[in-house]
Amino acid sequence: MSGGARHTVPVDVHLVLRRDGESGPEVLLSRRAGPVYATGLWHLPSGHLDPGEDMVGAVVREAREETGVLIDPEDVTCAVTVHHHPPVGTRSRIGVFFEVRRWSGRPRVLEPDRCDGMGWYPLDALPEPMVAYCRAGLDAYRSGLPAAVHFQRPGDPVQHTPDGPDRTRLLPGPPTGSPELPYALRAFTEGAVGRITGTAEVSWARTGSRVWRITGSEGGVWYLKRHRGQRFHDREVRACVRLVIDRLRTRRMRRRT
């Protein structure tokens, strides 16, 4: 163990506000302006943590202050973490990118001294010039990967340049498709459906929930989902109950006719 001072880095939060556009997913970008770093370049709404503030609270606050949109903390999901070193200075920083797909309000420029443009852009047609650090995070996000290292060197441009040096190293997460169920979930499942002979994780990308396909000893197949929070569990249960009720009503109507 080193006896020197511990390494510390600033932490930034980045808002990936996402919607479905006519040609695919789109994200909200703003153009930096005024006497700020990377002025004139496109960037995600972002900012630093305030003292004592957690990351989710920070991204909710930055969204409100910069764009006017209101976000429920329960709708914030972690998408990508980037370890970045700018082309000037000696300090690196950690950027955490949060995806949000539900919000209220219409995005608009609320800090004209720092931002002179805002708009929606397709993920596969991002505008130029863009902050290279931000582009590294979005490249990882588009690839469905959880992290990236982006260490620039002295003399590198602040903006992303398609023909310039590629300083982005994308990092994969743990392998998916793990057949293992946590012990408590296995006990719950076997208590409900009987002995399990096979499991396969079938979770989709970038979600806090996990889904397993369960095979029973007598050949039955079930799906087990562990939600990332009570609110999401309750929301899905209500949706399933409504679906069952609607189908029962439809069957009754068909029988009468």
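Please refer to the structure higher up on the page.
Residues numbered from 1 in each chain as written. Predicted model: local features only at pLDDT ≥ 70, side-chain atom pairs only at ≥ 80, totals over all residues. Heavy atoms only, no water.

### Brief notes about a nonpolar patch on the surface
Working step 1: A surface patch of nonpolar side chains, amounting to about 210 Å² of accessible area, comprises Val237, Val241 and Ile245.
Working step 2: As for its position among the elements, valine 241 is in helix α4 (residues 230-256).
Working step 3: We classify valine 241 as partly exposed; its relative accessible area is 43%. (Patch = residues over 30% accessible without salt bridge, like charges linked within 9 Å, V, L, I, M, F, W, Y side chains within 5 Å. Areas by Shrake-Rupley, 256 points an atom, 1.4 Å probe, with all protein chains shown as cover. Salt bridge = Lys/Arg side-chain N within 4 Å of Asp/Glu carboxyl O. Helix = DSSP H or I, 4+ residues; strand = E, 2+ residues; numbered from the N terminus. Buried < 20%, exposed > 50% of the residue type's maximum accessible area, 1.4 Å probe, protein only.)

### Considering the environment of proline 127
Working step 1: Mapping proline 127 onto the fold places it in the loop between β7 (115-122) and α2 (132-142).
Working step 2: In this structure, proline 127 is in contact with Leu29, Trp42 and Tyr121, ignoring residues within four places of it in sequence. (Contact = heavy atoms within 4.5 Å.)

### Concerning the packing of aromatic side chains
Geometrically, a pair of aromatic rings is defined through the distance of the ring centres and the angle of the planes.
Working step 1: Overall, the coordinates contain three aromatic pairs when judged by the stated rule.
Working step 2: Each ring, one from phenylalanine 97 and one from tyrosine 133, has its centre 6.5 Å from the other, and the planes form 85 degrees; the classification is edge-to-face. Taken together, the positions of phenylalanine 97 in strand β6 (residues 93-100) and tyrosine 133 in helix α2 put the pair 36 residues apart, joining distant regions of the chain.
Working step 3: Judged by its relative accessible area of 1%, phenylalanine 97 is buried. (Phe/Tyr/Trp six-rings, centres within 6.5 Å; stacked < 30°, edge-to-face > 60°.)

### Some thoughts on the sheet that holds strand β12 (residues 221-226)
Working step 1: In space, the three strands of this open sheet follow the order β10-β11-β12, with antiparallel pairing throughout. Edge positions in the sheet fall to β10 (196-201) and β12, since each of these pairs with one other strand and no more. Along the sheet, successive strands turn relative to each other by an average axial angle of 25 degrees, direction set aside. (Pairing = 2+ DSSP bridges. Axes fitted to C-alpha atoms, helices over the stretch in contact; angles between N-to-C directions.)

### Notes on a positive patch on the surface
Working step 1: Positive charge collects at one region of the surface, where Arg247, Arg249, Arg251, Arg252, Arg254, Arg255 and Arg256 lie side by side.
Working step 2: Inspection of the secondary structure assignment puts arginine 254 in helix α4.
Working step 3: The exposed category is assigned to arginine 254, whose relative accessible area is 63%. (Lys, Arg positive; Asp, Glu negative; His and termini not counted. Charge placed at Lys NZ, Arg CZ, Asp CG, Glu CD.)

### Notes on the pattern of salt bridges
Working step 1: Scanning the entire structure with this criterion turns up 17 salt bridges.
Working step 2: The shortest N-O distance in the salt bridge between arginine 61 and glutamate 65 comes to 3.1 Å. Placement of the pair is arginine 61 and glutamate 65 together in helix α1 (residues 55-67), with a separation of four residues, close to one helical turn.
Working step 3: By relative accessible area, which is 32% here, glutamate 65 ends up partly exposed.

### Digging into the nonpolar core
Within soluble globular proteins, side chains that are nonpolar generally end up buried alongside one another.
Working step 1: Of all hydrophobic cores here, the largest spans 21 residues; its most connected members are Leu29, Leu44, Val80, Met130, Leu138 and Tyr141.
Working step 2: At five residues, the largest contribution of residues to this core is made by α2.
Working step 3: Discounting residues that sit within four places of it in the chain, leucine 138 has contacts with Leu29, Leu44, Leu123, Leu126 and Met130.
Working step 4: Core analysis: the second largest hydrophobic core is formed by 14 residues, Val13, Leu15, Leu17 and Ile71 among them. (Core = buried A, V, L, I, M, F, W, Y, C linked by side-chain atoms within 4.5 Å.)

### Regarding the state of the cysteines
Working step 1: Per the counting criterion, the structure on display carries zero disulfides.
Working step 2: For cysteine 134, which is in no disulfide, the shortest distance to another cysteine sulfur is to cysteine 115 and amounts to 13 Å. (Disulfide = S-S within 2.5 Å.)

### Overview of α2
Working step 1: With 10 of 11 residues buried, α2 lies mostly within the body of the structure.
Working step 2: Among the residues of α2, Ala132, Tyr133, Cys134, Arg135, Ala136, Gly137, Leu138, Asp139, Ala140 and Tyr141 are the ones counted as buried.
Working step 3: Positive phi appears at glycine 144, one or two residues downstream of α2, with a value of about 70 degrees.

### Focus on the pairing of strand β2 (residues 24-32)
Working step 1: Two strands pair when backbone bridges link them, and strand β1 (residues 11-21) and β2 are joined in this way by four bridges, in the antiparallel orientation. When the bridges of β2 are listed, arginine 19 appears paired with glutamate 26.
Working step 2: Following β1, the chain reverses through two residues before pairing antiparallel with β2.
Working step 3: Where β2 meets β7, seven bridges bridge the pair, whose relative direction is antiparallel. Note on β7: the bridge partner recorded for serine 30 is methionine 118.
Working step 4: Strand direction decides the pairing type here: β2 and strand β3 (residues 42-43), joined by two bridges, are antiparallel. Paired with serine 30 across the strands is histidine 43, a residue of β3.

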